[in-house]
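# A look at the structure
For reference, the chains in residue letters:
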Amino acid sequence: MERYQMSYLVALVEHRNVTRAAAAMKVSQPAVTRAIRRLERECGSALFRRTSTGLIPTELAEEMAARSRVVLREIEALTSLAAGVRGVAGRVSVAVTSAPSIEPLVPIIKSLQHRHPGVTVEEVSAENARQVVTQVLSRRCDAGILGHEARPTGKDLVATQLGDAEMMLLLPPDSDLAGTGRVPAPMLRGRRFVVAPPDTLMRGLFDRFSVEVGDLQAAVEVGHREAILPLVVEGIGVSFLPKAWRSLATAAGAHMVGLDPPVRVPLWLVHHQTTSPPVTALVDEALRWAEGLSS
């Protein structure tokens, strides 16, 4: 199996469309088609099921793509090593939910880049914790950082708690709750909310308080978490965001206040038991960050 075949296979499994895969690889569509057909002949089995809406990878294709990602990253690391890059070199992809997308991810990347400038980090946004775990287990991502009440589990999955994230109430510029200190749950009654998509951490908080307090109204359900802050700034409603977003919220003119009692969610680092040197370097920096919190 040639390197270009591995690259095309990974692209096709991820995009499930020849046109998009070819664009991602910056090659022609016929080149991708020929490479995959040749690979299917070598395997003696179809790797994709063709449908009217695109391509559906077989279990064999998914497994081959997962293993190919590992090999391709090792090749990249070896290439950087041969070029004399200081420290560990290569690429590491990290799936991340909104809670840890600013902290701890940003300080971890900063520390990693300082210690290992040859490592390139690819951040992959995930809507929820389950999606992060799926990305890591399928080898589409090397590691993941997520917020979730329970320890993530999966075959050969290593999960380490890095700390926790405090969830806060995001308020419009003219909110009557701004500057009042921590907000007890009953004061949320009757408020209009900008809510995150289902099965996300922020949506889970809204659903929880809807049951505990009652009379919480969903004014807008966003499709992307990035839309929450501008909608709140415009006075559409209030919402929940991790404390790490406070500086961005303040810069945009919004307010963030804590809840009473405080709501904290564990932050987890997940990765496979077997890792490449760039992934090991990322894990080491994440653990250093966590140790810094407890020292």
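Residues numbered from 1 in each chain as written. Predicted model: local features only at pLDDT ≥ 70, side-chain atom pairs only at ≥ 80, totals over all residues. Heavy atoms only, no water.

## Some details on the nonpolar core
Applied cut-off: Within this scheme, the nonpolar core is defined by two criteria: the residues are buried Ala, Val, Leu, Ile, Met, Phe, Trp, Tyr or Cys, and they are joined through side-chain atoms within 4.5 Å. Think of it in three bands: residues with accessible area under 20% of the maximum for their type are buried, residues over 50% are exposed, and the middle band is partly exposed, with areas taken using a 1.4 Å probe on protein chains only. Elements are defined by DSSP. Helices are runs of H or I of four residues or more, strands are runs of E of two residues or more, and each kind is numbered from the N terminus. Pairs of residues are marked as contacts when any of their non-hydrogen atoms sit within 4.5 Å.
By size, the foremost hydrophobic cluster in this structure holds 34 residues, and its most contacted members are Leu 169, Leu 170, Leu 188, Phe 193, Phe 209, Ile 228 and Phe 240. Per element, the largest residue contribution to this core is 5 residues, and it comes from strand E6 (residues 157–171). Beyond its immediate stretch of four places on either side in the chain, Leu 170 contacts Ile 228, Leu 229, Val 232, Val 238, Ser 239, Leu 241, Ala 249, Ala 254, His 255 and Met 256. Residues Leu 9, Leu 12, Ala 21 and Phe 48 belong to the second largest nonpolar core, which totals 20 residues.

## Overview of the environment of Glu 40
Applied cut-off: Any N or O atom pair separated by 3.5 Å or less is treated as a polar contact, with the protein-specific requirement of one donor-capable and one acceptor-capable atom, and with residues adjacent in sequence counted only for side-chain atom pairs.
Its location among the elements puts Glu 40 in helix H3 (residues 29–43). Between the C-alpha atom of Glu 40 and that of Leu 205, which follows or precedes it by 165 residues, the distance is 47 Å. A polar atom in the side chain of Glu 40 sits 3.4 Å from the side chain of Arg 50.

## Structural notes on the pattern of salt bridges
Quick note on the threshold: For salt bridges, the criterion is a side-chain nitrogen of Lys or Arg within 4 Å of an Asp or Glu carboxyl oxygen.
The final tally for this structure, using the stated rule, is 15 salt bridges. Residues Glu 42 and Arg 38 are paired through a salt bridge, measuring 3.0 Å at the closest nitrogen-oxygen approach. Pair noted here: Glu 42 and Arg 38 are both in helix H3, with a separation of 4 residues, about one helical turn. Given the relative accessible area of 45%, Glu 42 is considered partly exposed.

## Observations regarding the environment of Thr 19
Tracing the backbone shows Thr 19 in helix H2 (residues 18–25). The class of Thr 19 is partly exposed, set by a relative accessible area of 42%. In sequence terms Thr 19 and Pro 186 are 167 residues apart; their C-alpha atoms lie 53 Å from each other.

## What about the packing of aromatic side chains?
For the record, the criterion: Geometry of aromatic contacts follows a simple scheme: Phe, Tyr and Trp rings, the Trp one being its six-membered ring, pair when their centres are within 6.5 Å, and the pair is stacked under 30 degrees between planes, edge-to-face over 60, tilted otherwise.
The final tally for this structure, using the stated rule, is 4 aromatic pairs. With a centroid separation of 5.4 Å and an interplanar angle of 35 degrees, the aromatic rings of Phe 193 and Phe 240 are classed as tilted. Here Phe 240 lies in strand E10 (residues 239–242) and Phe 193 lies in strand E8 (residues 192–195), a separation of 47 residues in the sequence. No difference in accessibility class separates Phe 193 from Phe 240, as the two residues are buried. Within the aromatic cluster, the residues linked to one another by ring pairs are Phe 193, Phe 206, Phe 209 and Phe 240.

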